[in-house]
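Examining the three-dimensional arrangement
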Amino acid sequence: MSRAPLLEVKNLVTTFATDDGTVHAVDGVSLQIYPEETVGIVGESGCGKSVTAESILRLFDETTTRYDGEIRFAGQDLLQLSEEKMRAVRGNDISIIFQDPMSSLNPVYTIGDQIMEAITLHQQVSSRQARDRAVELLRLTGISDPEKRLRTYPHELSGGMRQRVMIALALSCEPQLLIADEPTTALDVTIQARSWS
Ligand SMILES: Nc1ncnc2c1ncn2[C@@H]1O[C@H](COP(=O)(O)OP(=O)(O)O)[C@@H](O)[C@H]1O
Ligand SMILES: [Mg+2]
């Protein structure tokens with residue numbers, strides 16, 4: 001492919017300082033992802049897939065985590081960005097769907113409030129438009145009766161349904177790159193939603 005990669009990871013090393021010493025969780029990972037491309041990372045449990053994914057967004061506590069190498073996204077090295085600039089990348093350019101949907105859903109707010117908040121954070125829309133968009137995103141991930149679901153809380157939904165809500169949330173900012181960390185049962189709808197975005 002002749003175009004420039006959207007994401008280029010070069011020799012990524014992620015190490016954690018722990019009470020038991022230094023953990024080399026990722027040790028020299030390189031990969032490229034081009035626009036419109038889907039890339040899968042395969043490996044045994046504990047080999048560093050999740051740490052690679054979360055390092056791309058610099059989600060670890062940087063007082064105990066050290067990153068080396070380069071993570072080039074849209075021409076800039078994410079490892080060199082300030083925390084403030086990194087926050088903008090997380091919210092607008094790159095989204096992540098975690099394996100455990102409960103870790104990203106707030107138990108005290110309805111599904112609708114959480115998706116609508118994500119939408120209004122990134123787009124200048126009225127609350128009516130945000131609501132319509134939330135309904136559309138839920139419908140897109142295969143949730144039936146989305147209007148009704150907007151009024152439910154995370155604990156009222158099944159695991160598969162929560163994963164769909166997570167995908168809707170991850171897509172709400174229309175990211176250029178979507179990272180999915182083993183969203184197992186919902187993987188097929190991730191792909192459907194991705195081709196739509
Ligand atoms: N926050 C952390 N602190 C210390 N070690 C960690 C941390 N997160 C993950 N690890 C270790 O890093 C290695 C890679 O983990 P992970 O990326 O979660 O593997 P997987 O490929 O199964 O997703 C494992 O040995 C894990 O124990
Ligand atoms: Mg993992």
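Please read all numbers here as calculations on a predicted model, not as lab measurements.

Once that is clear, we can look at helix 2 (residues 83-92). Of all the positions in helix 2, only Met-86, Val-89 and Gly-91 are classed as buried. Contacts made by the buried residues of helix 2 are with helix 1 (49-56), strand 4 (76-77), strand 5 (94-97) and helix 3 (111-122).

Turning our eyes to something else, we now look at the site of ligand 1. Residues in contact with ligand 1, as listed here, are Phe-16, Thr-18, Val-23, Ala-25, Glu-44, Ser-45, Gly-46, Cys-47, Gly-48, Lys-49, Ser-50 and Val-51. Within the contact set of ligand 1, an oxygen atom lies 3.3 Å away from a backbone nitrogen or oxygen of Cys-47. At 2.9 Å, a backbone N or O of Val-51 approaches an oxygen atom of ligand 1. Coverage of ligand 1 by the protein amounts to 62% of the 570 Å² it exposes when considered alone.

This next bit is on the environment of Gly-43. As for its position among the elements, Gly-43 is in the loop between strand 2 (21-33) and helix 1. Here Gly-43 falls in the partly exposed class, since its relative accessible area comes to 33%. When the C-alpha atoms of Gly-43 and Leu-177 are compared, they prove to be 21 Å apart, with 134 residues separating the residues in sequence.

Attention now moves to the side chain of Ser-95. Within the fold, Ser-95 resides in strand 5. Of note is the side chain of Ser-95, whose polar atom sits 2.7 Å from the backbone oxygen of Ala-170. Discounting chain neighbours no more than four positions away, the residues touching Ser-95 are Ala-170, Cys-173, Pro-175, Leu-177, Leu-178 and Ile-179.

Take the nonpolar core next. Counting 26 residues, the largest nonpolar core has Leu-7, Ile-71, Leu-78, Ile-94, Leu-177 and Ile-179 as its most contacted members. Counting residues per element, the ones that place at least two in this core are strand 1 (7-18), strand 2, helix 1, strand 3 (65-73), helix 2, strand 5 and strand 6 (177-180). Ile-71 has contacts with Leu-7, Glu-8, Val-9, Leu-12, Ser-55, Ile-56, Gln-76, Asp-77, Leu-78 and Leu-79, leaving out every residue within four places of it along the chain. Residues Leu-137, Leu-150, Ile-167 and Leu-171 belong to the second largest nonpolar core, which totals 24 residues.

To continue, consider unusual backbone geometry. In the Ramachandran plot, Asn-11 falls in the positive-phi region, its phi being about 50° despite a non-glycine side chain. Assignment of secondary structure puts Asn-11 in strand 1. With a phi close to 50°, Glu-174 is a non-glycine residue in the positive phi region. Within the secondary structure, Glu-174 sits in the loop between helix 6 (159-171) and strand 6. Glu-174 gets classed as partly exposed once you look at its relative accessible area, which sits at 46%.

Let's shift gears to the layout of surface pockets. Here the second largest pocket defines a volume of roughly 530 Å³. Lining the second largest pocket we find 21 residues, and of these Arg-90, Ser-104, Ala-118, Leu-169 and Ala-170 sit closest to its centre. At the level of secondary structure, the elements contributing two or more residues to the lining of the second largest pocket comprise helix 2, strand 5, helix 3 and helix 6. At 5 residues, helix 3 tops the list of elements feeding residues into the lining of the second largest pocket. Tallied by class, residues from the lining of the second largest pocket come to 12 nonpolar, 7 polar and 2 charged.

Calculation notes
Residues numbered from 1 in each chain as written. Chains lettered and ligands numbered in written order. Predicted model: local features only at pLDDT ≥ 70, side-chain atom pairs only at ≥ 80, totals over all residues. Heavy atoms only, no water. Buried < 20%, exposed > 50% of the residue type's maximum accessible area, 1.4 Å probe, protein only. Helix = DSSP H or I, 4+ residues; strand = E, 2+ residues; numbered from the N terminus. Contact = heavy atoms within 4.5 Å. Near = heavy atom within 4 Å. Polar contact = N/O pair within 3.5 Å; in protein donor to acceptor, adjacent residues only side chain to side chain. Areas by Shrake-Rupley, 256 points an atom, 1.4 Å probe, with all protein chains shown as cover. Core = buried A, V, L, I, M, F, W, Y, C linked by side-chain atoms within 4.5 Å. 1 Å grid on protein atoms, 1.4 Å probe; cavity = no way out; pocket = protein on both sides within 12 Å on 5 of 7 lines; lining within 4 Å. Points joined across faces, edges and corners; volume = space filled by probe spheres on them. Nonpolar A, V, L, I, M, F, W, Y, C, P; charged D, E, K, R; others polar.

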